[in-house]
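Chain by chain, the residues:
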Amino acid sequence: QVQLVESGGGLVQAGGSLRLSCAASGRTFSSHAMGWFRQAPGKEREFVAAIDWKGGNIYYAESVKGRFTISRDNAKNTLYLQMNSLKPEDTAVYYCAATYYGDLQTSEKLYTYWGQGTRVTVSS
């Protein structure tokens with residue numbers, strides 16, 4: 001079992017920044033690839049970013065590329081998402097997730113463990 005708890009969401013103006021954190025406990029965090037997903041009001045959950053178990057391979061959705069940065073600190077069992085140049089369309093509940101795979105994954109179907117989500121609201 002892996003327990004995931006997100007934090008760092010909030011209300012920010014367009015153009016601003018937020019840093020999300022995801023604290024993991026339970027099974028060995030460092031052996032799991034991790035990802036961030038988001039769900040906007042009235043929409044399906046979508047992939048945002050993923051990172052492999054070592055942090056050497058990273059992949060972003062086109063909509064956030066160049067603005068968001070995913071990283072992990074395996075010594076602290078924590079996953080991060082630095083979000084810059086935020087837009088109103090980034091408004092969503094953001095979820096971190098862990099997969100059994102060590103290689104990064106973009107499909108939410110391959111993620112087994114999920115946090116409860118943290119809400120990000122970007123005002124125009």
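Before any of the text, the structure's been laid out above.
An account of the accompanying structure is given in this report. Keep in mind that what you see is a predicted model, and the values were worked out from it rather than measured.

1. Here we look at the nonpolar core
Right, on to step 1. Residues Leu4, Trp36, Leu79, Leu81, Met83 and Tyr94 are the most contacted members of the largest nonpolar core, which totals 35 residues.
Right, on to step 2. In this view, Leu81 contacts Leu18, Arg19, Leu20, Trp36, Val48, Ala49, Phe68, Thr69, Ile70 and Tyr94; residues no more than four positions away in its chain are not counted.

2. Structural notes on the state of the cysteines
Right, on to step 1. Counted by the stated rule, this structure contains one disulfide.
Right, on to step 2. Here Cys22 is linked by a disulfide to Cys96, with a sulfur-sulfur distance of 2.0 Å. Because the sign of the S-S torsion sets the handedness, a value of about 45 degrees for the bond joining Cys22 and Cys96 places this disulfide among the right-handed ones. Of this pair, Cys22 sits in strand β3 (residues 18-26) while Cys96 sits in strand β9 (residues 92-99), and the two are 74 residues apart along the sequence.

3. Comments concerning the packing of aromatic side chains
Within a pair of aromatic rings, the relevant descriptors are the distance that separates the centres and the angle that separates the planes.
Right, on to step 1. For the coordinates displayed, the defined rule picks out six aromatic pairs.
Right, on to step 2. Both rings, one in Phe37 and one in Trp114, keep their centres 5.0 Å apart while their planes meet at 55 degrees; by these two values the pair is tilted. Of this pair, Phe37 sits in strand β4 (residues 34-39) while Trp114 is found in strand β10 (residues 111-114), placing the two residues 77 residues apart along the sequence.
Right, on to step 3. We classify Phe37 as buried; its relative accessible area is 1%.
Right, on to step 4. Both rings, one in Tyr100 and one in Tyr113, keep their centres 5.8 Å apart while their planes meet at 70 degrees; by these two values the pair is edge-to-face. Of this pair, Tyr100 sits in the loop between β9 and β10 while Tyr113 is found in strand β10, placing the two residues 13 residues apart along the sequence.
Right, on to step 5. For Tyr100, a relative accessible area of 49% puts it in the partly exposed group.

About the thresholds
- Residues numbered from 1 in each chain as written.
- Predicted model: local features only at pLDDT ≥ 70, side-chain atom pairs only at ≥ 80, totals over all residues.
- Heavy atoms only, no water.
- Core = buried A, V, L, I, M, F, W, Y, C linked by side-chain atoms within 4.5 Å.
- Buried < 20%, exposed > 50% of the residue type's maximum accessible area, 1.4 Å probe, protein only.
- Contact = heavy atoms within 4.5 Å.
- Disulfide = S-S within 2.5 Å.
- Helix = DSSP H or I, 4+ residues; strand = E, 2+ residues; numbered from the N terminus.
- Phe/Tyr/Trp six-rings, centres within 6.5 Å; stacked < 30°, edge-to-face > 60°.

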